[in-house]
Amino acid sequence: MKQRGNILFLILLAIILFVALSYAVNSGMRGGGNNASPEKLQTAMAEILQYEVLLDNAITRLKTSNGCTDFQISFENPVVSGYTNSNAPADKRCHLFDPAGGGLSWKVPSTAWLDSANAAAPEYGQYFFTSRQCIRYMGTAGATCNTDGLSNGALIMYLPYITQDLCQKLVAQNGTTLLNDGNGIGRADLKAVGNFTPSAALLDSAGNDTRVVKAGCVLATGAASSVILPYNTGYIYFRVLITR
């Protein structure tokens, strides 16, 4: 009887440990927290940076091999609407997300990267591409790039509402500092459709001027006059893909 009791105890202990382990794994994979392990953060960062490389290479290929101009490159895709570019050739050789063009697949961010507190916010769980912002002194953009009426906007990829830990990891990787939209980040809630005339500068304050920073992370504070994109609060990663 004593041996049987020991066996039952070991079985019960194994069940308890299995349940505890399953809960820990599932908790670690869910978004919304700032307690991701270093390994998970490294994996997430590597996946985001790899996507940037794929975008860079595809854009270069469209321009050099397919003869596409910046204005013809299309982000139209079967997942997110609003990216139809009327400048793009009908044969779709300038479509990033079409086999006839860049051949890429539209990427949906992992929920493990995101802060679920913002799950009801616009563009949550989506990459966002705009060409209606400029970065001062990058490319041909000068001090008044957001008001001079020139086509000197930058094509920028945004990944909104990521966790604070992931934001800090990306900031460290890019050698930049965390930016704060309270210092004057202009809105640019216009999707990339072949128009490079800026409606705003990415950062237009002397206190936090990105100038030639091509990638970074922004803390949106909800200031009505300076929130980035349509977003209210949260950590937003950005990466410049094209400068003019």
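Residues numbered from 1 in each chain as written. Predicted model: local features only at pLDDT ≥ 70, side-chain atom pairs only at ≥ 80, totals over all residues. Heavy atoms only, no water.

Focus on the overall build of the chain
When its secondary structure is counted, the chain shows three helices and six strands. The helix and strand sequence of the chain, counted from the amino end, reads α-α-β-β-α-β-β-β-β. Across the chain, contacts joining residues at least 24 apart in sequence account for 71% of those joining residues at least 6 apart. Surface summary for the chain: the accessible area is close to 11,800 Å², and the carbon and sulfur share equals 56%. (Helix = DSSP H or I, 4+ residues; strand = E, 2+ residues; numbered from the N terminus. Contact = heavy atoms within 4.5 Å. Areas by Shrake-Rupley, 256 points an atom, 1.4 Å probe, with all protein chains shown as cover.)

Topic: the packing of aromatic side chains
If you walk through the whole model with that rule in mind, you get 11 aromatic pairs. On the basis of an interplanar angle of 55° and a centroid distance of 6.2 Å, the ring pair of Phe 75 and Phe 97 is categorised as tilted. Here the residue Phe 75 occupies a position in the loop between helix 2 (38-64) and strand 1 (128-134), and Phe 97 occupies one in the loop between helix 2 and strand 1, the gap between them amounting to 22 residues. As far as the burial class goes, Phe 75 and Phe 97 line up, both buried. Ring plane angle 50° and centroid distance 5.6 Å describe the contact between Tyr 83 and Trp 106, whose orientation is recorded as tilted. With Tyr 83 in the loop between helix 2 and strand 1 and Trp 106 in the loop between helix 2 and strand 1, this residue pair connects regions lying 23 residues apart in the sequence. (Phe/Tyr/Trp six-rings, centres within 6.5 Å; stacked < 30°, edge-to-face > 60°. Buried < 20%, exposed > 50% of the residue type's maximum accessible area, 1.4 Å probe, protein only.)

Remarks on the environment of Ala 112
Of note, Ala 112 is situated in the loop between helix 2 and strand 1. Judged by its relative accessible area of 27%, Ala 112 is partly exposed. Residues Ala 112 and Leu 41, 71 residues apart in the sequence, show an inter-C-alpha distance of 9.5 Å.

What to know about the nonpolar core
Membership of the largest hydrophobic core comes to 50 residues, with the highest contact counts inside it found for Leu 55, Phe 75, Leu 96, Phe 129 and Ile 162. At the level of elements, helix 2, strand 1, strand 2 (154-162), helix 3 (164-174), strand 5 (215-221) and strand 6 (233-242) are the ones that each hand at least two residues to this core. Among the elements that make up this core, the one with the highest residue count is helix 2 (nine residues). (Core = buried A, V, L, I, M, F, W, Y, C linked by side-chain atoms within 4.5 Å.)

Some details on helix 2
For helix 2, which comprises 27 residues, the first-to-last C-alpha distance of 39 Å matches the rise-based estimate of 39 Å (1.5 Å per residue) to within 8%. Of the positions making up helix 2, those classed as buried are Leu 41, Ala 44, Met 45, Ile 48, Tyr 51, Glu 52, Leu 55, Asp 56, Ala 58, Ile 59 and Leu 62. Tucked inside the fold, the buried residues of helix 2 contact strand 1, strand 2, helix 3 and strand 6. (Expected span 1.5 Å × (residues − 1).)

A word on the pairing of strand 6
Where burial is concerned, most of strand 6 is hidden: nine out of the 10 residues are buried. Here strand 2 pairs with strand 6 via six bridges, running antiparallel. Opposite Leu 159, over in strand 6, you have Tyr 237 as the bridge partner. (Pairing = 2+ DSSP bridges.)

What to know about the state of the cysteines
By the definition in use, this model includes two disulfides. Sulfur-sulfur distance for the disulfide between Cys 68 and Cys 94 comes to 2.0 Å. Measuring handedness by torsion sign, the sulfur bridge of Cys 68 and Cys 94 sits at about -100° and is left-handed. On the criterion of sequence distance, the pair formed by Cys 68 in the loop between helix 2 and strand 1 and Cys 94 in the loop between helix 2 and strand 1 is long-range, its members being 26 residues apart. One exposure class covers both Cys 68 and Cys 94, and it is buried. A disulfide bridge connects Cys 167 with Cys 217, and the sulfur atoms are separated by 2.1 Å. Torsion about the S-S bond of the Cys 167 and Cys 217 cystine: about -135°, corresponding to left-handed handedness. (Disulfide = S-S within 2.5 Å.)

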